[in-house]
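Here are the chains, one letter per residue:
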Amino acid sequence: MRIDRRLFAAAATIFALGWSSGTSVVTAQAAPPAKPDLGPNVLIFNPAMALSDIQAAVNGVASQQVPNQFGSQRYALLFEPGTYGTAANPLNFQVGYYTAVAGLGQSPSDVVVNGSIYVHNQCFGPGDCTALVNFWRSVSNLTINVHTPNFGCYTGEFWAVSQAAPMRRVHVNGFATLMDYCTGPSFASGGFIADSAFDGSVVVNGSQQQWITRNSRVDNWTNAVWNQVFSGVVGAPAQTFPNPPFTTLATSPVTREAPYLYIDSAGGYNVFVPAVQHDTSGTSWSGGQTPGSSIPIQDFFVARPGDSAHAITSALASGKHLILTPGVYHLDQTIEVMHPDTVVLGLGFPTLVPDNGRPAMRLVNPRGDLVSGVIFDAGARTSEVLLQVGTGHDAGNATDPSVLSDVFFRVGGAAAGTTTTALVVNSSDVILDDIWAWRADHGNGVGWTVNTADTGVVVNGDDVTAYGLFVEHFQKYEVIWNGDGGTDVFFQNEMPYDPPSQAAWMEAPGVDGYAAFKVAPDVTSFHGYGMGSYSFFNQGLNIYAERAFEVPDSLPAGSLRDLLTIFLDPSHGKGGILHVVNEAGGSSTIANPDVPVAVVSYP
């Protein structure tokens, strides 16, 4: 039996107001709320702390995490409401792997950092400095007044990242760049911004190959490379794809921002749950508080990496929400999220590893469930799926959609892992908001027969909307979309690097390779905007894919807009992609390397 959370709220109200009997009233003096125990890897700062102590702490985390691509350490750096640093004595710090930086205010203006929170290139040798593997980090819910005295070339707010490195609910006042141009060759492969505002200067796209910005405000965006997408962005460049390749939607059809932790005026910790919005542009907080509701932290089970899946599921079954604190969780069974409107909030990139070949998590009744800030990492025994949303072709709730925000999947890299599919969405009316599903092309446990995985994302539900769908290197179709009424705004894909032969990688007899994105033949309605697929077959053989996108020709005209393919790295790549969508669009091979081959509208 589900326990109604409102009963707990009512009981708390009775005790807060006091118990009356006759004409006398007994009241209790409210004690200051106790800080929750979020574990040793959640560092909470407040403005009363010496700036030098804060600087030493964040520098200590950065020195460990900046090179720690496949390590097990995870951190959340949380800032209580107030101001940190000054123009003359700023707070400037770097963000490394598995580090989430967030303000604990109700609004981004409640936490102000005078300084910068930055990510630079990583250098792997002379002339080999890039942001191509700057994954798994984030900044959210604060204001940055950019002050970088004596930083030389690095003057400004540098956020040189690639996939799985979101910026959310951030207000940047001053110069910002998504490219680290201070060391070369400065390649970058991002990225995702949502619910953020940039004032007082420009945003340098620079070398970023592709990027999606959603429901934000920009003062000036400098350029595009291959696929720059804007959805509901005030001040966005005009629609000009393919030259330059800007794809611009005036509004986002349906959104629900990620939940976030904050401290209220009484010092209590809560999680804010934003409401669904339709046909919007700009930030959710531009006119005041983001619409939504709050859940006190007492309604959450706060999990540690040592907690069992059984203990977590039991807490969820009792009506609790879930906070996953930083760390790696090895699971011997599936975490079952039983009730609608459950929040699963990750702090510091908690990572779920299914050890026994089961799904890591299943949303059983996904109406209004929110999952945010979690990595799903395939275990050594093959899981059919890592995260399953819905148990069948479930009816969702358009007025209360479930959302996956900043949810990332990995197969190999840290260790050998295997799954059939990373994410399966069975329910309707689900929003996917920044998803990276990655079959590792480098790291530990990597090889065609080692980190095996057929497909990154399967969508079976109707009316599913995706923003920022990054799916790479899977061994068959990367995305299979079976549901009607779906929308994908931005898709980035690299086909698998490592097919050992053409015969090993065939969709069907006579059909080379697999499409990166397949819309099922019986789908009657689907819309896609700003979708790119790249090839880099590096086994020294000519490996081809017949097409990047496979869709029904019966879709209404113009259902897909702004598609492209690219052949990468002519020094080491072979083969290529022969058509963009179905039989339309030219080939991308060594004959036209690093040049987008575009289809503006299809069918």
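Residues numbered from 1 in each chain as written. Predicted model: local features only at pLDDT ≥ 70, side-chain atom pairs only at ≥ 80, totals over all residues. Heavy atoms only, no water.

As for the environment of S284
Here is step 1: Looking at the secondary structure, you find S284 in the loop between β24 (277-280) and β25 (292-296).
Here is step 2: Considered as a pair, S284 and D195 are 89 residues apart in the sequence and their alpha carbons are 6.3 Å apart. (Helix = DSSP H or I, 4+ residues; strand = E, 2+ residues; numbered from the N terminus.)

Topic: helix α2 (residues 51-65)
Here is step 1: Here α2 contains 15 residues, and its C-alpha end-to-end distance of 21 Å stays within 8% of the 21 Å for a straight helix at 1.5 Å per residue.
Here is step 2: For α2, the complete set of buried residues consists of L51, I54, Q55, V58, V61, A62 and Q65. The buried residues of α2 occupy an angular sector of 135° when the element is viewed end-on, so they sit on one face. Structural note: α2 exposes S52, A56 and S63 on the side pointing more than 90 degrees away from its buried face.
Here is step 3: Buried residues along α2 sit against β3 (42-45), β4 (75-79), β5 (82-84), β6 (91-94) and β7 (99-103). (Expected span 1.5 Å × (residues − 1). Buried < 20%, exposed > 50% of the residue type's maximum accessible area, 1.4 Å probe, protein only. Arc of directions from axis to C-beta. Contact = heavy atoms within 4.5 Å.)

Quick word on the confidence of the model for the chain
Here is step 1: Per-residue pLDDT for the chain averages 94, and the proportion of residues at 70 or more is 95%.
Here is step 2: Low pLDDT (under 50) marks residues 1-28, which in the prediction has 15 contacts with non-local residues, meaning those over four places away or in another chain. (pLDDT = per-residue confidence, 0-100.)

Quick notes on the packing of aromatic side chains
Aromatic rings in a pair are described by how distant their centres are and how their planes are angled relative to each other.
Here is step 1: Taken as a whole and assessed by the stated rule, the structure comprises 35 aromatic pairs.
Here is step 2: Taking the centre distance of 6.4 Å and the plane angle of 5° together, the rings of F70 and W438 count as stacked. In this pair, F70 sits in the loop between α2 and β4 while W438 sits in strand β37 (residues 430-439), placing the two residues 368 residues apart along the sequence.
Here is step 3: With centroids separated by 4.9 Å and ring planes inclined at 90°, the aromatic side chains of W221 and F230 adopt a geometry described as edge-to-face. (Phe/Tyr/Trp six-rings, centres within 6.5 Å; stacked < 30°, edge-to-face > 60°.)

Some remarks on the pairing of strand β18 (residues 210-214)
Here is step 1: Within β18, 5 of the 5 residues are buried, which leaves it mostly tucked inside the rest of the structure.
Here is step 2: Burial of β18 is two-sided: the residues Q210, I212 and R214 facing one way and the residues W211 and T213 facing the other way are all buried.
Here is step 3: Bridge count for strand β15 (residues 192-194) against β18 is 3 bridges, and the pairing is parallel. Bridge pairing links I193 to T213 in β18.
Here is step 4: Across 5 bridges, β18 lies against strand β19 (residues 227-231) in parallel orientation. Bridge pairing in β19 places R214 opposite S231. (Pairing = 2+ DSSP bridges.)

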